[in-house]
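# Survey of secondary and tertiary structure
Spelled out, the chains give:
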Amino acid sequence: MAEESDLEKTEEPTARRIEQAREKGQVPHSRELGTFLVLITAASTIWMIGGWFVRRATMIAREAFTIDNELARNPGLLVPHLGAVFGDALFLVAPFIGVLVLAALLPPFFLNAWVFSPQALVPDPKRINPLSGIGRMFSWNSLMELAKAVLKASLVGGVAVLLIWNSREEIFGLLAEPVDLALSHAGRLISFCFLILVSTLALVVVADVPFQIWQYFHKLKMTKDEVRREMKEMMGDPHVKGRIRSLQMEAARRRMMSAVPEANVVVTNPTHFAVALSYKTGMNAPKVVAKGVGTIALKIREIAGQHGVPILEAPPLARALNKHADLDAEIPSALYNAVAEVLAYVYQLAGWRQTGGTYPVPPRNLPVPPELVPEAA
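Here's a quick rundown of the structure. A quick note: this is a predicted structure, and the numbers were derived from the prediction, not measured.

With that settled, consider helix H15 (residues 336-355). Helix length check: H15 (20 residues) gives 28 Å between terminal C-alpha atoms against 28 Å at 1.5 Å per residue, within 8%. Buried within H15 we find Ala338, Val339, Val342, Leu343, Tyr345, Val346 and Leu349. Buried residues in H15, looked at end-on, bunch into an arc of 155 degrees, giving them a common side. Set apart from the buried face of H15 by more than 90 degrees, the exposed residues are Asn337, Gln354 and Thr355. Elements that come into contact with the buried residues of H15 comprise strand S3 (265-268), strand S4 (273-278), strand S6 (311-313) and helix H14 (315-324). Residue Gly356 follows H15 closely and has a positive phi angle near 80 degrees.

Here it is in structure tokens:
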């Protein structure tokens, strides 16, 4: 049962799965949204500039089909005349074509599906396979498309019948109007009916867009095994990552140990913790060059002893430095006074080694704030 559940596509698609689909040109697509935007744009444009368009088209047609005596006698003027008429006609339809092209480009932006994928241009033999084509004809998706087509036809047809029935008096009244007035009236009536018919498609779009988005993400669903494999690919093999992390820690430990001989002092607890401090002229504050617990602390003590670095047992200070001071970083300001006393002892010890005299007394009861000292392990 567990194996069967792992093979079922029950998991939502990951961001990587969606990105891979986009790279292949697989994005949400609603044909109904594209059709609606083009038609509603066309209907709105006709409604707004229909009168000007008809008047201008009539003038261009009259100019095109009117041939005066000069054009009839001089055929060389005919080509420039036709070119001028063609230019006027092109200027007339340019705004209409421009808004339709813009409307055709808008649907991907509404669905966040604007993408250019060279992979989608590569020929796919499966698309021309007759068996695959027959399978698509009787697929669940084709049945949904058929249901939408029937719905659209019923909806648009029903609204068209209602519009014609409600406008029957105006339609028959056109027969009694003068030609110019009847053409203008008919143009307004057709534009209005076209706008209403296209607006009814908004109901189809409202139902189709969420369905297409749901269907898109449903197709991209993944099995539990696919999710695990993808996470493994993205995050890397845990064994390899562990090995890399181990090598990185070992390299960092070697760098840290190489800094111990240059330290001024090693503060211990006495064996559980060890923190090596360094202070050179020009520094704002002493810096932690090495620190560790357990075997690492013992190794720091060993290296310090081999190179003559002073070792001072100060358990509260050692625990506070190990807890609150980062490696290769300056010590916290709250520990300045305590570390200052330690360094003063180190300088006195260095002077005793050079000139002799009274052996310096190691500092006791260092001023370490209690809130910075973790409980002893």
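Another aspect to go through is the pattern of salt bridges. If you walk through the whole model with that rule in mind, you get eight salt bridges. One salt bridge connects Arg17 with Glu226, and the closest N-O pair in it is separated by 3.6 Å. One end of the pair, Arg17, is in helix H2 (residues 15-23); the other, Glu226, is in helix H11 (residues 224-235), and 209 residues separate them in sequence. With its nearest N and O atoms 3.8 Å apart, the salt bridge here joins Glu250 to Arg254. Of this pair, Glu250 and Arg254 both sit in helix H12 (residues 238-259), four residues apart, roughly one helical turn. By relative accessible area, which is 32% here, Glu250 ends up partly exposed. For Arg254, a relative accessible area of 52% translates into the label exposed.

A cluster of nonpolar side chains, Leu102, Leu106, Phe109 and Phe110, forms an exposed patch at the surface whose accessible area comes to about 430 Å². Along the chain, the position of Phe109 falls in helix H6 (residues 107-110). For Phe109, a relative accessible area of 54% gives the class exposed.

What follows covers the pairing of S4. Each regular strand shows side chains that alternate between the opposite faces of the sheet. For S4, the buried fraction is high: six of the six residues fall into the buried class. Neither face of S4 is left uncovered, since the one carrying Phe273, Val275 and Leu277 and the one carrying Ala274, Ala276 and Ser278 both have all their residues buried. Here S3 folds back onto S4 in antiparallel fashion, the turn holding four residues. Judged from the six bridges that link them, S4 and strand S5 (residues 287-293) form a sheet pairing that is antiparallel. Residue pairing for S5: Phe273 is matched across the bridge by Val293.

Along the chain, the position of Pro28 falls in the loop between H2 and helix H3 (31-65). Sequence-wise, Pro28 and Phe217 are 189 residues apart; in three dimensions their C-alpha atoms are separated by 8.5 Å.

Right, let's talk about the sheet that holds S6 for a bit. In space, the four strands of this open sheet follow the order S5-S4-S3-S6, with mixed pairing throughout. Two strands close off the open sheet at either side, each with one partner strand: S5 and S6. Adjacent strand axes in the sheet meet at a mean angle of 20 degrees when their direction is disregarded. Of the strands in this sheet, S3, S4, S5 and S6 are in contact with helix H13 (residues 295-306), which crosses S5 at around 130 degrees. Contacting S3, S4, S5 and S6, H14 crosses the sheet at an angle of about 80 degrees to S4.

Criteria and cut-off values
Numbers given for residues are sequential positions, taken from 1 along each chain in its written order. Under the rules for a predicted model, residues below a pLDDT of 70 receive no local features and side-chain atom pairs below 80 are neither given nor counted, while totals for whole chains, interfaces and linings still include all residues. Side-chain calculation: all heavy atoms of the structure are included, whereas hydrogens and water are not. Working definition: helices are DSSP H or I runs of at least four residues, strands are E runs of at least two. Numbering for both runs from the N terminus. Multiply 1.5 Å by the residue count of a helix minus one, and that product is the helix's expected span. The classification of residues rests on relative accessible area computed with a 1.4 Å probe and restricted to protein chains. Under 20% of the type maximum is buried, over 50% is exposed, and intermediate values are partly exposed. Directions drawn from the helix axis to the C-beta atoms are what define this arc. Contacts: residue pairs with any heavy atoms within 4.5 Å of one another. Here, a salt bridge means any Lys or Arg side-chain nitrogen found within 4 Å of an Asp or Glu carboxyl oxygen. Without a salt bridge and with relative accessible area above 30%, a residue can belong to a patch; like charges are then joined within 9 Å and nonpolar side chains (Val, Leu, Ile, Met, Phe, Trp, Tyr) within 5 Å. Where accessible areas are quoted, they stem from the Shrake-Rupley method and a 1.4 Å probe; at the residue level, only the protein chains shown are allowed to cover. We call two strands paired when DSSP finds no fewer than two bridges between them. All axes are obtained by fitting lines to C-alpha atoms, using only the stretch in contact for helices, and the reported angles, taken between N-to-C directions, cover 0 to 180 degrees.

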